[in-house]
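If you want the building blocks of each chain, they are given just below.
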Amino acid sequence: MAQFTRLQVIDQMQKTGLVPLFYHPDILIAKQVLQACYEGGARLLEFTHRGDFAHEVFRDLIIFAQEQLPEMILGVGSITDAACASDYIKNGANFVVTPVFREDIAIVCNRRKVLWSPGCGTLTEIAIAEERGAEIVKLFPGSVYGPEFVKAIKGPQPWTNIMPTGGVTTAPDNLKSWFDAGVSCVGMGSKLISKEIIEKKDFGTLKTTVNEVLKCIQKLK
């Protein structure tokens, strides 16, 4: 069962402006990544469902977070059907992110009052998602749409909360372009938690980078 309400989750997304995301099959590495992000100041993290037995890694990871990182809001991403969403919700997911808009996932998450962020690519999709209760929509891949698309959406729908994923980097100029356009927060994967950091187990660098990104975002908000 989720520890945090969907209102607490969206509040933290808007407050910190950053949702790191990653997947790794090794629970020991996953714990180190989570802890480095936490110590760097992140209070949200999306564990992406991208490998066999990923839900088992997530279960151990969320128990670790509850015991050692009490303010960390751990959610799941890359969810493509309601059954998968249900599995993660049963294992304590505090939010669910999807690459596409799926009404069956909306129903499951809304029933349990778990925040869900659907991947949307048009104003019509965004409007329908909001009618189904989405507090924040995922713009994916962000590199295809870009900040100008966000500006266009915020014109007729200034109330819409947007989180681009893909195309977001740690560079201050890149972050500025997104937040100037009006995003509520950004999702950042390999540009933040790089393959090199994982291979070298350089979690000190990850902690520092997360902290620098968060400071940059606060200056932009």
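Refer to the structure above for everything that follows.
Residues numbered from 1 in each chain as written. Predicted model: local features only at pLDDT ≥ 70, side-chain atom pairs only at ≥ 80, totals over all residues. Heavy atoms only, no water.

A.B. asks: Explain the overall build of the protein residue by residue, including any values.
C.D. replies: The helix and strand inventory of the protein stands at 10 helices and 9 strands. Relative to its length of 221 residues, the protein is compact, with a C-alpha radius of gyration of 16 Å against a globular reference of 17 Å. Taking the principal axes of the C-alpha coordinates as reference, the protein spans close to 45 × 40 × 25 Å. As presented, the protein carries roughly 9,800 Å² of accessible surface, and 51% of it is formed by carbon and sulfur atoms. For the protein, the distance from the average position of its 24 positive side-chain charges to the average position of its 24 negative side-chain charges is 3 Å. (Helix = DSSP H or I, 4+ residues; strand = E, 2+ residues; numbered from the N terminus. Rg over C-alpha atoms; globule rule 2.2 N^0.38 Å. Areas by Shrake-Rupley, 256 points an atom, 1.4 Å probe, with all protein chains shown as cover. Lys, Arg positive; Asp, Glu negative; His and termini not counted. Charge placed at Lys NZ, Arg CZ, Asp CG, Glu CD.)

A.B. asks: Any chance you could break down the nonpolar core for me, citing the residues and the numbers?
C.D. replies: Leu18, Val33, Leu34, Val96, Leu175, Val186 and Leu206 are the most contacted members of the largest nonpolar core, which has 65 residues in total. Those residues within four positions of leucine 18 in sequence are excluded, and the remaining contacts are Met13, Leu44, Cys185, Val186, Met188, Leu192, Val210, Val213, Leu214 and Ile217. Formed by 13 residues, the second largest nonpolar core is a distinct cluster that contains Met13, Leu44, Ile73 and Cys185. (Core = buried A, V, L, I, M, F, W, Y, C linked by side-chain atoms within 4.5 Å. Buried < 20%, exposed > 50% of the residue type's maximum accessible area, 1.4 Å probe, protein only. Contact = heavy atoms within 4.5 Å.)

A.B. asks: Please set out unusual backbone geometry residue by residue, giving values where relevant.
C.D. replies: Going from phenylalanine 140 to proline 141, the amide bond is cis rather than trans, its omega being -10 degrees. Inspection of the secondary structure puts proline 141 in the loop between β7 (137-139) and α7 (142-154). In this structure, phenylalanine 53 takes a positive phi of about 65 degrees despite not being glycine. Mapped onto the elements of the fold, phenylalanine 53 is located in the loop between β2 (44-48) and α3 (54-68). Despite not being glycine, serine 78 has its phi angle at roughly 60 degrees, a positive value. With respect to the secondary-structure elements, serine 78 resides in the loop between β3 (73-77) and α4 (82-90).

A.B. asks: Let's hear about helix α10 (residues 203-220): which residues, and what values?
C.D. replies: Its 18 residues place the ends of α10 26 Å apart at the C-alpha level, agreeing with the 26 Å of an ideal helix rising 1.5 Å per residue. Of all the positions in α10, only Phe203, Leu206, Thr209, Val210, Val213, Leu214, Cys216 and Ile217 are classed as buried. Around the axis of α10, the buried residues are gathered within 160 degrees of arc, so they sit on the same side. Every exposed residue of α10 that faces more than 90 degrees away from the buried side is listed here: Lys215 and Lys219. (Expected span 1.5 Å × (residues − 1). Arc of directions from axis to C-beta.)

A.B. asks: Break down the packing of helix α2 (residues 27-39) against α3 for me, citing the residues and quoting the values.
C.D. replies: Contact geometry of α2 with α3 gives a least axis separation of 10 Å together with a crossing angle of 40 degrees. One way to sum up the angle between α2 and α3 is to call them oblique. Handedness of the crossing formed by α2 with α3: right-handed. Residues Ile27, Ala30, Lys31, Leu34 and Gln35 of α2 form the contact with α3, whose participating residues are Val57, Asp60, Leu61, Phe64 and Ala65. Of the residues that constitute the contact of α2 with α3, the class distribution is 7 nonpolar, 1 polar and 2 charged. (Axes fitted to C-alpha atoms, helices over the stretch in contact; angles between N-to-C directions. Parallel < 35°, antiparallel > 145°, perpendicular 65-115°, else oblique. Left-handed = near helix turned anticlockwise from the far one by under 90°. Nonpolar A, V, L, I, M, F, W, Y, C, P; charged D, E, K, R; others polar.)

A.B. asks: Describe the sheet that holds strand β8 (residues 162-164), listing the residues and the values that go with them.
C.D. replies: Strand order in this open sheet of 3 strands is β6-β7-β8, and the pairing throughout is parallel. The open sheet terminates on both sides in strands that have one partner only, identified here as β6 (119-120) and β8. Summarising the sheet, β7 and β8 pair through 3 bridges and their orientation is parallel. Counterpart to valine 137 in the pairing with β8 is isoleucine 162. With respect to the sheet, α7 is in contact with β7 and β8, its orientation differing from that of β7 by roughly 130 degrees. (Pairing = 2+ DSSP bridges.)

A.B. asks: Lay out the pairing of strand β1 (residues 18-22) in plain terms, naming residues and giving numbers.
C.D. replies: Buried residues dominate β1, accounting for 5 of its 5 residues. Residues of β1 alternate between two faces, with Leu18, Pro20 and Phe22 on one and Val19 and Leu21 on the opposite face, all of them buried. Relative to strand β9 (residues 186-188), β1 runs parallel, the two sharing 3 bridges. Counterpart to leucine 18 in the pairing with β9 is valine 186. Here 2 bridges tie β1 to β2, and the two strands are oriented parallel to one another. Bridging from a neighbouring strand, leucine 21 pairs with glutamate 46 of β2. Handedness of the crossover is the feature at issue here: the chain leaves β1, passes through α2, returns alongside β2, and the resulting connection is right-handed. (Right-handed = clockwise from strand over helix to strand, strands pointing away.)

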